[in-house]
Amino acid sequence: MIGGYPLAGHGPALPLALVPVPDVLPPSTQRLAPLTTLRLGGPAARFVAAGSAEDVAAAVRAADGRDERVLILGGGSNLVVADEGFDGTVVQVANRGSKIDSLGEGRVALTVEAGEDWDAVVCRTVEAGLGGLECLSGIPGSVGATPVQNVGAYGVEVGQLLMSVDLLDRASGEIRTLSVEELGLGYRTSVLKGTERAVVLRVRFELADGGLSAPIRYTELARVLGVRQGKQVPVDLARAAVLELRRGKGMVLDVDDHDTWSVGSFFTNPIVLDRDLGAVRGRIASRVGPDVPVPQYPAGPGASKLSAAWLIERAGFAKGYRGPGGRVTLSGKHTLALTNRGDATTTDLLTLAREIRDGVHVAFGVDLHPEPVLIDCTI
Ligand SMILES: Cc1cc2nc3c(=O)[nH]c(=O)nc-3n(C[C@H](O)[C@H](O)[C@H](O)COP(=O)(O)OP(=O)(O)OC[C@H]3O[C@@H](n4cnc5c(N)ncnc54)[C@H](O)[C@@H]3O)c2cc1C
């Protein structure tokens, strides 16, 4: 134990009973919809829930050896699966456990198995007074998926805390350790996202052991906490404030609230090159008026990031906007979340996504790109 942090994980119960992974999996009728936060997607041809890193690696190596298609499944919170389902092997990453090692000088290394529930891990670090992950509270899904799209929220990205990941390199079948530099992390992306290259088995984070949060960078969060940007606060206060802000936006899972039956933000914030920015700003001004301030943030040399939510709303799609038959809508709490109202299909969801993407393009000439991974479907 360090700071009360248990060495073994005790997250929420797994959705499926774990059994040793056989070499050849029998055909399955496992529907993927209940394993995704959108509750959408047809069946998997073959399905295995792998409860140890060895089982995950064995299941993926076996399927690769048979040249089968493989879908790695974590919490299903960033996946849009086709109504027809997936005609290969789905491997649900369900290995559990974590440990803490002191690095000295108030720093610790937290090593977590990929199948742990992300928010349960964040909660335990906060309870133990470890600082770093608190602004990433309330994000659904598994630990192993966090480096895949470099999850981020409230001014923090997981890449800022990552030390290394252990992964199965599917080309060689070897288990390797990759440093954070080798992951090619960017805004909601990495060298792993949308590829078949590797399966994350274990993740290492460097955290601070002092009861204080990382410096608060996000304006809205600093305002709620009543501190200036750049200040640190007790780590539990930061988590509570983040969870409160996220709940107000429908960004904390709640089975009774259809505004949370989503993948979170459906589109990434668009990056516009400086050479195109004048024309885009001109279109925006002619639609919303020249004096309306346009949210715009630096995005590296020669580029700016615009707010996808702001553009969607100004293009005429308000919160609660209804897609086909009202079965899918924009969340009533957040313009960027496309939600299943209970009896939607993936086709419905993609129809709404196309309408919004095209509406924003026609209005402002800006291309929106989906944030989730689309499995056997496209917009
Ligand atoms: C309500 C809501 C709010 C959200 N808020 C945020 C947010 O604030 N910030 C943010 O960044 N994201 C957010 N998301 C998106 C999502 O929660 C994250 O992307 C999360 O990390 C996905 O984890 P998962 O385990 O559910 O991945 P899955 O959806 O199961 O998988 C996503 C992708 O990662 C791959 N993958 C999963 N596990 C592994 C592994 N171990 N090794 C290799 N590949 C793997 C899958 O094959 C797939 O391609 C939100 C989603 C919802 C529903």
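Since the structure is predicted, the reported quantities are computational estimates derived from the model, not experimental observations. (Residues numbered from 1 in each chain as written. Predicted model: local features only at pLDDT ≥ 70, side-chain atom pairs only at ≥ 80, totals over all residues. Heavy atoms only, no water.)

A. Fine view of the sheet that holds strand β15 (residues 303–306). One open sheet holds the three strands; their spatial order is β13-β15-β14, and the pairing between them is antiparallel. Whereas interior strands pair on both sides, the edge strands pair on one side only; in this sheet they are β13 (271–273) and β14 (296–298). Between one strand and the next, the sheet's axes are offset by a mean angle of 40°, whatever the strand orientation. Inspection of the sheet shows β13 paired to β15 by three bridges, in the antiparallel sense. (Pairing = 2+ DSSP bridges. Helix = DSSP H or I, 4+ residues; strand = E, 2+ residues; numbered from the N terminus. Axes fitted to C-alpha atoms, helices over the stretch in contact; angles between N-to-C directions.)

B. Local environment of the pairing of strand β10 (residues 162–169). Burial of β10 is extensive: seven of the eight residues sit out of reach of the surface. As paired elements, β10 and strand β12 (residues 198–209) share seven bridges and run antiparallel to each other. Its bridge partner lying in β12, Leu167 is registered against Val200. (Buried < 20%, exposed > 50% of the residue type's maximum accessible area, 1.4 Å probe, protein only.)

C. Spatial organisation of the packing of helix α2 (residues 118–127) against helix α4 (residues 235–248). For the pair α2 and α4, the least separation of the axes is 9 Å and the interaxial angle reads 145°. Contacts from Asp119, Val122, Cys123 and Val126 in α2 reach Val235, Asp236 and Arg239 in α4. Per-class residue counts for the contact of α2 with α4 are four nonpolar, no polar and three charged. (Contact = heavy atoms within 4.5 Å. Nonpolar A, V, L, I, M, F, W, Y, C, P; charged D, E, K, R; others polar.)

D. Examining the confidence of the model for the chain more closely. In the predicted model, the chain carries a mean pLDDT of 93, and 94% of its residues have values of at least 70. Here residues 1–16 is a poorly scored stretch, pLDDT under 50, and it has 44 contacts once near neighbours within four places are set aside; other chains count. (pLDDT = per-residue confidence, 0-100.)

E. Quick peek at the sheet that holds strand β2 (residues 70–73). Taking strand neighbours across the sheet as the criterion, the three strands line up as β1-β4-β2 in an open arrangement whose pairing is parallel. Here the strands that pair on one side only, and so sit at the sheet edges, are β1 (44–50) and β2. Within the sheet, the average angular offset between the axes of one strand and its neighbour, ignoring direction, is 20°. Helix-sheet contacts for helix α1 (residues 53–65) involve β1, β2 and β4 (86–93), and the interaxial angle to β4 is about 165°.

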